[in-house]
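# Chains, contacts and geometry: an overview
Residue-level listing of the chains:
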Amino acid sequence: MRRDGRYEPFELASFEVAEVVEGSTACWSDGSLTLCLRDLSEAAMQGLPALQKVDVRLVRPGDSVRIARVLDAIVPDVKVSRPDTTFPGVLGRLAFAGAGRTNRLTGLGVLSVCDWAAAGFNSSEPFPEAFVDMAGPGRSMTAWGDRWELVVTCTPDSGAPVVDVDRCVRTAALRVARDAASATINRPASAIDSFELEEHVDTSLPALAVILQVASEGPLLDTFLYGGPVGGIVPTVLDHREVLDGALTNGAYDWAAVRNVTAGYQESALIRSLVAGHGMSLRFAGVILALGYLDTPFDKQRSAMLSARLARRLGADGVICTTFSSGNSHTDTMLTVQACEKLGIGAVAIVAEMNDGLTDHVPEADSIISTGNHDELIDPWMPEEIIGTSDSAMAGEPVPLWAYLGACTQTGDMALTAASS
Amino acid sequence: MIVVHYLNQFFAGQGGEDAAGLAPQRIGGPVGPGRGLEGAGLPVDVTLSCGDDFFGEHEAEALERLLSWLDEIEPDVLVCGPSFGSGRYGYACGSLAREACRRGIPVVAAMTPDNPGVLAAAGAAYIVPTGPSVASMKTALRAIAGLAHRLGNAESVGSPAEGGYLPRGSRRNVLVSQVGADRAIAALLAKLSGHVRTEVDSAFDRVSPPPAIGDLGSCTLALVTEAGCVPQGNPDRLPTRHANIWLRYPLGGVDSLSPARYESVHAGFDTRIANLDPNRLVPLDAVRRLERQGRIGGLHAFFYTTSGVDTPMAAAAKFGQEIASELIPAGVQAVILTGT
């Protein structure tokens, strides 16, 4: 914040990566990014006692590689004037996200990988598969097969508590993302966006808000806001620029296809399109962060009601309700749609489907966007290499879509839908 | 392209009701509506027929014979009907279609949307909707010939609306030009201007509560749960999530569910506390107490279980109907359904 009490204006400077080259020092030159993978690994690992090893590898789009046991995907960002505030609260020092300049590498992703079972963490439920394919029929199922990837494979220290390991894995991956982007500091960007909202727009345009559903159910199932798990919050208004600038990060590793990865918040298609449409076809009324996966009908109804009330406070004529993961949370989405409609706020829900349809549906949810059927099988593929596990990672077998990272993300970032046949 | 056409005795020109008991027959070339298919550009190589009563009364035998011919002929496409509003004929068409599809043969059928054959086909066949009578024959044959041609040549038939067939109940993924976010914004703007549209049709199932039970003292009660409660070790392999089955376990002589013998395999909640006392999943101890006190008439001899995690509404409704169809004939008047 500036001394006059105003935020520094947000600037998102994009650096479009055409190629990544391994070298001894990091540098950026006109679309060509040189990175020293050993330096990235060593820096990522520093002071993280719960990790035995961090290995950073570069994978190219089109490589015959399946990356398995993927936990999260991150877009490389760095806060230019204060790199130590990048991903504030969770990696960097606390500072407002969505203020000041952020440099972002586009066309490059950071994928964190950890084989929990191999590290001795057993649960009654096996950890579901989570793949990114760099070639083959699954390539286009994720947002990652067409980018260069830095794969951060973490090996936990035996005996370290799972909570510590998870914190260290997330920290290591965010460090790699920040450090990779640091090569762009003081270099010219390909584009700069501000995401400012024009104040004086036609008030007859409909005001639209997003109810962004997240969840926190404990270690390995958490979402973090400025580094703290969001569990227990009442619905909260966020500045859309905070969401784009790393205030929200992911630590939930359930079903891959419907996982809200960190990059999904950073690149949010909903926020981008609502900002783009502001003053043209709509007024962007804001982002409400609300919980899904609440335990009881009371908690679910209470949160739905409070979300609807906040939407009204924002002056929303309509809301888009996103969904986090599958099953239980669909009820939170449906109740939120219902609560908004009861207040006269039009609602559209974004959900993924299964072979037999939805797990919940209310009459008020008469306008639903389907992000695809996550039970559908993708053709078998035999990659030349598998990263992240020593098992077969379903190579040569048909893979259900639910195993592909972000394939049916219910924040609306992909172009998949399901249709009757 | 090899085309096989299935007809009942009437359309195969073998007679009316008097010939309904005729066994399956194999005839070279087109017969009856098969000539219409030829006229619409689909030459028929072999016609198979069966009497409607024969199929109804000896379904396994009829299917075995018809399928053995299909195995020999190896057609590129099978056409069944049109059977219009005829229930028996439609059922035979749908059943044959389902079994042929299991062998990898694409099938086109045609009937009214409410024909029992649609259910019998179980989403396997491409069914052209027709009117109830032969008056819609010509239109139906043209639509069948078009679909069969594309299927026989392994070409795409498009969506139900594009291809002119009834939705088969499956949801296939398609890539569209706009991401979900942009489709959501467009749908919301449309909704706010009074034009509601959706990518998922409504499927909610509202069940009105039955009348209250007057006297519990003479009522037989059953215990049903979605808590994933099973005998220790899950011997029948109840899926822990996304379950496609329910199971039934005997309660005769059991007074209480001991943690040594029962457990929950439900993947949707932390089962540790519940597993210390499985009666908290299926309240057998409390119900036995009520039974002894005479406050309920009796307890049904089995409990029913599934794991309600990621369970689509359609699957849940099916489980409920199947379980109820066992409970009602057994005289059960009330159920305690424990959820998690």
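Just above sits the structure.
Residues numbered from 1 in each chain as written. Chains lettered and ligands numbered in written order. Predicted model: local features only at pLDDT ≥ 70, side-chain atom pairs only at ≥ 80, totals over all residues. Heavy atoms only, no water.

### Digging into helix 10 (residues 313-327) of chain B
Residue and element names in this part refer to chain B. Taking 1.5 Å per residue, 15 residues should reach 21 Å; helix 10 reaches 21 Å between its end C-alpha atoms and fits that length. Every buried residue of helix 10 is listed here: Met-313, Ala-315, Phe-319, Ile-323 and Leu-327. Each buried residue of helix 10 sits inside an arc of 160° when the element is viewed along its axis, so together they form one side. Looking at the packing, one finds that the buried side of helix 10 touches strand 8 (220-225), strand 12 (298-305) and strand 13 (334-338). (Helix = DSSP H or I, 4+ residues; strand = E, 2+ residues; numbered from the N terminus. Expected span 1.5 Å × (residues − 1). Buried < 20%, exposed > 50% of the residue type's maximum accessible area, 1.4 Å probe, protein only. Arc of directions from axis to C-beta. Contact = heavy atoms within 4.5 Å.)

### Digging into the pattern of salt bridges
Summed over the entire model, instances satisfying the criterion amount to 37 salt bridges over all chains. The residue Glu-267 of chain A makes a salt bridge to Arg-147 of chain A at a minimum N-O spacing of 3.1 Å. You can see Glu-267 of chain A sitting in the loop between helix 4 (262-266) and helix 5 (269-277) and its partner Arg-147 of chain A sitting in the loop between strand 11 (132-133) and strand 12 (148-156), a full 120 residues away along the chain. Take Arg-147 of chain A: its relative accessible area is 13%, and that puts it in the buried class. Residue Glu-322 of chain B is joined to Lys-318 of chain B by a salt bridge in which the shortest nitrogen-to-oxygen separation is 3.6 Å. You can see Glu-322 of chain B and its partner Lys-318 of chain B sitting in helix 10, 4 residues apart, about one turn around the helix. On the basis of relative accessible area, Glu-322 of chain B is assigned to the partly exposed category, the value being 30%. What you see here is one network of salt bridges that share partners, running through Arg-69, Asp-115, Glu-129 and Asp-391 of chain A. (Salt bridge = Lys/Arg side-chain N within 4 Å of Asp/Glu carboxyl O.)

### Looking at the interface of chain A and chain B
Between chain A and chain B, the contact holds 55 residues from the first and 46 residues from the second. Carbon and sulfur atoms supply 57% of the area buried between chain A and chain B, which totals about 4200 Å² over both sides. If you look at where chain A meets chain B, you find 4 salt bridges. A salt bridge links Lys-191 of chain B to Asp-366 of chain A; its shortest N-O distance comes to 2.7 Å. The interface formed by chain A and chain B contains 29 residue pairs in polar contact (both at pLDDT 80 or more). Put simply, the parts of the chain that give the side of chain A that touches chain B at least two residues each are helix 5, strand 20 (318-321), strand 21 (346-353), strand 22 (368-373) and strand 26 (416-420) of chain A. Taken together, the residues of the side of chain A that touches chain B sort by class into 24 nonpolar, 19 polar and 12 charged. With 5 bridges connecting them, strand 26 of chain A and strand 7 (residues 171-175) of chain B associate as antiparallel partners. (Buried area = accessible area lost by both parts, 1.4 Å probe. Polar contact = N/O pair within 3.5 Å; in protein donor to acceptor, adjacent residues only side chain to side chain. Nonpolar A, V, L, I, M, F, W, Y, C, P; charged D, E, K, R; others polar. Pairing = 2+ DSSP bridges.)

### Focus: the sheet that holds strand 5 (residues 51-59) of chain A
Residue and element names in this part refer to chain A. On the basis of which strands lie adjacent, the open sheet formed by 4 strands has the order 5-12-10-7 and mixed pairing. On the outer flanks of this sheet lie strand 5 and strand 7 (70-74), each paired with one strand and no other. On average, each strand axis in the sheet is tilted by 20° relative to the strand beside it, whichever way the strands run. Looking at chain direction, strand 5 and strand 12 are connected through 8 bridges and run antiparallel. Bridge pairing in strand 12 links Arg-57 to Val-151. Where helix 2 (residues 162-182) meets the sheet, its contacts fall on strand 5, strand 7, strand 10 (108-113) and strand 12, and the angle it forms with strand 12 comes to roughly 150°. (Axes fitted to C-alpha atoms, helices over the stretch in contact; angles between N-to-C directions.)

### Comments concerning the pairing of strand 7 of chain A
Residue and element names in this part refer to chain A. For strand 7, the tally of buried residues reaches 5 of 5 residues, placing the bulk of the element in the interior. In this structure, strand 7 lies alongside strand 10, joined through 4 bridges in antiparallel fashion. Of the residues in strand 10, the one forming a bridge with Asp-72 is Ser-112.

### What to know about the packing of helix 3 (residues 59-73) of chain B against helix 4 (residues 87-102) of chain B
All names here are of chain B. Helix 4 packs onto helix 3 with a crossing angle of 50° between their chain directions and a minimal axis gap of 11 Å. Looking at the two axes, helix 3 sits oblique to helix 4. Note that helix 3 runs across helix 4; the crossing there is right-handed. Note on element contacts: helix 4 touches helix 3 through Tyr-91, Ser-95, Leu-96, Arg-98, Glu-99 and Ala-100, opposite Glu-59, Leu-63, Leu-66, Leu-67 and Leu-70. (Parallel < 35°, antiparallel > 145°, perpendicular 65-115°, else oblique. Left-handed = near helix turned anticlockwise from the far one by under 90°.)

### Notes on the sheet that holds strand 8 of chain B
Residues and elements named next belong to chain B. With mixed pairing, the 4 strands of this open sheet are ordered in space as 10-12-8-13. Strands with a single pairing partner mark the edges of an open sheet, and in this sheet they are strand 10 (247-250) and strand 13. In this sheet, neighbouring strand axes are inclined to one another by 25° on average, regardless of whether the strands run parallel or antiparallel. Set on the sheet, helix 9 (residues 284-292) makes contact with strand 8, strand 12 and strand 13; between it and strand 12 the angle comes to about 165°. Those strands touched by helix 10 are strand 8, strand 10, strand 12 and strand 13, and its axis lies near 155° from that of strand 12.

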